[in-house]
Amino acid sequence: MLRLIFGIILGLVLLPVVAWAWLTYGHPPVAVADALLPFERYVTEIPLHARIDREMPKAVQIEANEATFVAGARVYREQCAFCHGLAGSSSQAGKHMFPDAPPLWEKHHGDVVGVSDDPAGETYWKVANGIRLTGMPAYKQVLSETQMWQVSVLLANADKPLPPAALTLLKEPLLLTPTVGAAITSTPGPTH
């Protein structure tokens, strides 16, 4: 009986020490190209979908019309296109994220385009709250409620014909300007 108790105590002490050592010496898969941990998808996806199902708005707060689609396309270009791509061109950055940022203007599963098979309320929840460990930021402090609904309604209707003004915004290539840091590093520095 004493051996059993000693074994249990040793196991309770040894397990956290081994876990600490494994974490401390950088063995967990933390790089984008690393393999998944066992059950990683279940540990992250099941609670995410349960929370979204519980908290997402059930009623869409704005009308799906031309003004909404055009305004949503502007928000999409400014906030989403770098990672999720544009109509007719996928994002190079989004392909190299983990998990990869879904291309929101490509067809999959038949006629589904991006997340057009999700309710607008689900997309709104993701836009507002972000998704941890994915690179998807929370926009509720960045965008207004109306802007979050505009982009959510646009994406919910991505599989339907959109107004020409919205399509023009969604197909026009992004013009990315260099950052201040890039300008500084490309400028010759003083010589000593």
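Refer to the structure presented above.
Residues numbered from 1 in each chain as written. Predicted model: local features only at pLDDT ≥ 70, side-chain atom pairs only at ≥ 80, totals over all residues. Heavy atoms only, no water.

Engineer: Any chance you could explain helix 3 (residues 66-79) here in plain terms?
Structural biologist: Given 3.6 residues per helical turn, the α-helix brings residues three or four places apart onto the same face. The end-to-end C-alpha distance of helix 3, which contains 14 residues, comes to 20 Å, matching closely the 20 Å that a straight helix rising 1.5 Å per residue would cover. For helix 3, every residue scored as buried is listed here: Thr68, Phe69, Val70, Ala71, Gly72, Ala73, Val75, Tyr76 and Arg77. Contacts made by the buried residues of helix 3 are with helix 4 (81-84), helix 6 (145-156) and helix 7 (164-171). (Helix = DSSP H or I, 4+ residues; strand = E, 2+ residues; numbered from the N terminus. Expected span 1.5 Å × (residues − 1). Buried < 20%, exposed > 50% of the residue type's maximum accessible area, 1.4 Å probe, protein only. Contact = heavy atoms within 4.5 Å.)

Engineer: Hey, could you run me through the packing of aromatic side chains in this one?
Structural biologist: Where two aromatic rings form a pair, the distance of their centres and the angle of their planes describe that pair. Applying the stated criterion across every chain yields a total of two aromatic pairs. Measuring from centroid to centroid gives 4.3 Å for Tyr124 and Trp149, while their planes differ by 15°, and the two rings are stacked. Taken as a pair, Tyr124 in helix 5 (residues 120-129) and Trp149 in helix 6 lie far apart in primary sequence, 25 residues in all. Judged by relative accessible area, which is 12%, Tyr124 ranks as buried. Relative accessible area serves as the criterion here: at 2%, Trp149 is assigned to the buried category. (Phe/Tyr/Trp six-rings, centres within 6.5 Å; stacked < 30°, edge-to-face > 60°.)

Engineer: I'm lost on the nonpolar core in this one. Help?
Structural biologist: Soluble, globular proteins show a tendency: their nonpolar side chains are buried together. If you look at the biggest cluster of nonpolar residues, it comprises 31 residues, and the most contacted ones within it are Tyr76, Trp105, Met148, Val151, Leu154, Leu155 and Leu170. For this core, the secondary structure elements donating two or more residues are helix 3, helix 5, helix 6 and helix 7. When residues of this core are assigned to their parent elements, the largest contribution, seven residues, is made by helix 6. Ranked by size, the runner-up nonpolar core spans five residues in total, among them Leu48, Ile52, Trp125 and Ile131. (Core = buried A, V, L, I, M, F, W, Y, C linked by side-chain atoms within 4.5 Å.)

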